[in-house]
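Residue-level structural notes
Spelled out, the chains give:
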Amino acid sequence: VELPPKLNPVRIGHHRRNDLVLDSPDVGAEAAVIDNDVAGGAGWRLWNRNGHEVRVGGVALTARNQYARLLRPRVAVELGPYLLTVCFTP
């Protein structure tokens, strides 16, 4: 799925209001959020929004509102039964 390049934040989960809908009971209503901290300079981050384990580039995020910085232009994200590849293009 390709999302609009200026979309910030990107919401991921099983609820239909999300930007990326993952149809599985093993994925929270809003399971994760990707945002770009433009003002703070932290860059792109993926937030765990429901406290179920999310793996970002092999690193486990297990706590609600814990985040990982996305430092590479291509990052593997494991969310419930899904393996996503998050890509950023210039």
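Residues numbered from 1 in each chain as written. Predicted model: local features only at pLDDT ≥ 70, side-chain atom pairs only at ≥ 80, totals over all residues. Heavy atoms only, no water.

Some words on the overall build of the protein
Counting its regular elements, the protein contains zero helices and nine strands. Starting at the N terminus and ending at the C terminus, the protein contains elements arranged as β-β-β-β-β-β-β-β-β. A compact globule built from 90 residues should have a C-alpha radius of gyration of about 12 Å, and the protein, at 12 Å, falls within 12% of that. For the protein, the C-alpha atoms occupy an extent of roughly 35 × 25 × 20 Å along the three principal directions. Once local pairs closer than 6 in sequence are excluded, the contacts in the protein between residues at least 24 apart make up 25%. In the form shown here, the protein has an accessible surface area of approximately 5700 Å², with 51% of it arising from carbon and sulfur atoms. Between the mean site of the 11 positive side-chain charges and the mean site of the 9 negative ones, the protein shows a separation of 5 Å. (Helix = DSSP H or I, 4+ residues; strand = E, 2+ residues; numbered from the N terminus. Rg over C-alpha atoms; globule rule 2.2 N^0.38 Å. Contact = heavy atoms within 4.5 Å. Areas by Shrake-Rupley, 256 points an atom, 1.4 Å probe, with all protein chains shown as cover. Lys, Arg positive; Asp, Glu negative; His and termini not counted. Charge placed at Lys NZ, Arg CZ, Asp CG, Glu CD.)

A few points about the pattern of salt bridges
A full pass over the atoms with the stated rule returns three salt bridges. Notably, a salt bridge pairs aspartate 35 with arginine 45, separated by 2.8 Å at the nearest N-O pair. Of this pair, aspartate 35 sits in strand β3 (residues 32-37) while arginine 45 sits in strand β4 (residues 43-48), and the two are 10 residues apart along the sequence. The residue glutamate 53 makes a salt bridge to arginine 55 at a minimum N-O spacing of 3.7 Å. By relative accessible area, which is 26% here, arginine 55 ends up partly exposed. (Salt bridge = Lys/Arg side-chain N within 4 Å of Asp/Glu carboxyl O. Buried < 20%, exposed > 50% of the residue type's maximum accessible area, 1.4 Å probe, protein only.)

A closer look at the sheet that holds strand β9 (residues 82-87)
Ordered in space as β6-β5-β8-β9, the four strands form an open sheet in which the pairing is antiparallel. Lying at the two open borders of the sheet, with one neighbouring strand each, are β6 (59-61) and β9. Neighbour-to-neighbour, the strand axes of the sheet open up by a mean angle of 25 degrees, direction not taken into account. The pairing of strand β5 (residues 54-56) with β6 spans three bridges and is antiparallel. (Pairing = 2+ DSSP bridges. Axes fitted to C-alpha atoms, helices over the stretch in contact; angles between N-to-C directions.)

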